[in-house]
Amino acid sequence: NVVLKIEIYDVNKYLPKSRRGWMSEKKKKIGFTVACINEFAQHYNLSIQEAFRYLFQFKGIAFIKENYEVEHTLDFETIIEDLGILCRKNGGML
């Protein structure tokens, strides 16, 4: 199995106080995207790399990014269902 590791540096200490929340919001979105990929991989019995490639190819990653504000409030079962529907509409076969 491939382990997806993302390392984020604490840039907040280098930013003016007015911009410091920006990175923590980015961290949340990245963490949520990684969690969605992992859950999708587990649900469809794929490697994490295969899940990422599939979601990227069939617009699932873009969907997560564009719809973060709503999707992150849902349970993973619903999110995986949403991603499956979207990817099938874009030519995916899972």
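Our structure is the block above this text.
Analysis parameters
- Residues numbered from 1 in each chain as written.
- Predicted model: local features only at pLDDT ≥ 70, side-chain atom pairs only at ≥ 80, totals over all residues.
- Heavy atoms only, no water.
- Helix = DSSP H or I, 4+ residues; strand = E, 2+ residues; numbered from the N terminus.
- Buried < 20%, exposed > 50% of the residue type's maximum accessible area, 1.4 Å probe, protein only.
- Contact = heavy atoms within 4.5 Å.
- Areas by Shrake-Rupley, 256 points an atom, 1.4 Å probe, with all protein chains shown as cover.
- Core = buried A, V, L, I, M, F, W, Y, C linked by side-chain atoms within 4.5 Å.
- Arc of directions from axis to C-beta.

Draft legend 1. Spatial organisation of the overall build of the protein. Scanning the protein for helices and strands turns up five helices and zero strands. Put simply, the protein runs from its N terminus to its C terminus through helices and strands in the order α-α-α-α-α. Looking at the 94 residues of the protein, the share that counts as buried comes to 29%. A fraction of 60% describes how many contacts in the protein between residues 6 or more apart in sequence connect residues 24 or more apart. For the protein, the computed accessible surface area is about 6700 Å², with 54% contributed by carbon and sulfur atoms.

Draft legend 2. Up close: the side chain of Thr33. Its location among the elements puts Thr33 in helix 1 (residues 21–43). Relative accessible area serves as the criterion here: at 19%, Thr33 is assigned to the buried category. Sequence-distant contacts of Thr33, defined by excluding residues within four places in its chain, comprise Ile61 and Ile64.

Draft legend 3. View of unusual backbone geometry. In this structure, Asn45 takes a positive phi of about 55° despite not being glycine. Within the fold, Asn45 resides in the loop between helix 1 and helix 2 (48–57). Given the relative accessible area of 71%, Asn45 is considered exposed. Positive phi, close to 75°, is recorded for Lys59, a residue that is not glycine. Structurally, Lys59 is set in the loop between helix 2 and helix 3 (60–66).

Draft legend 4. Up close: the nonpolar core. With 18 residues, the main nonpolar core has Phe32, Phe40, Leu55 and Leu83 as its most contacted residues. Residue contacts for Phe32: discarding those within four places in its chain leaves Ile64, Tyr68, Glu71, His72, Phe76 and Ile79.

Draft legend 5. Seen up close, helix 2. Within the span of helix 2, buried status applies to Ala51, Tyr54 and Leu55. Down the axis of helix 2, the sector holding all buried residues measures 95°, keeping them to one side. In helix 2, the exposed positions angled more than 90 degrees off the buried face are occupied by Arg53, Phe56 and Gln57. Looking at the residues trailing helix 2, positive phi occurs at Lys59, about 75°.

Draft legend 6. Main features of the environment of Lys89. Looking at the secondary structure, you find Lys89 in helix 5 (residues 76–89). In this structure Lys89 comes out as exposed when scored by relative accessible area, which is 69%. With 31 residues separating them along the chain, Lys89 and Phe58 place their C-alpha atoms 8.4 Å apart.

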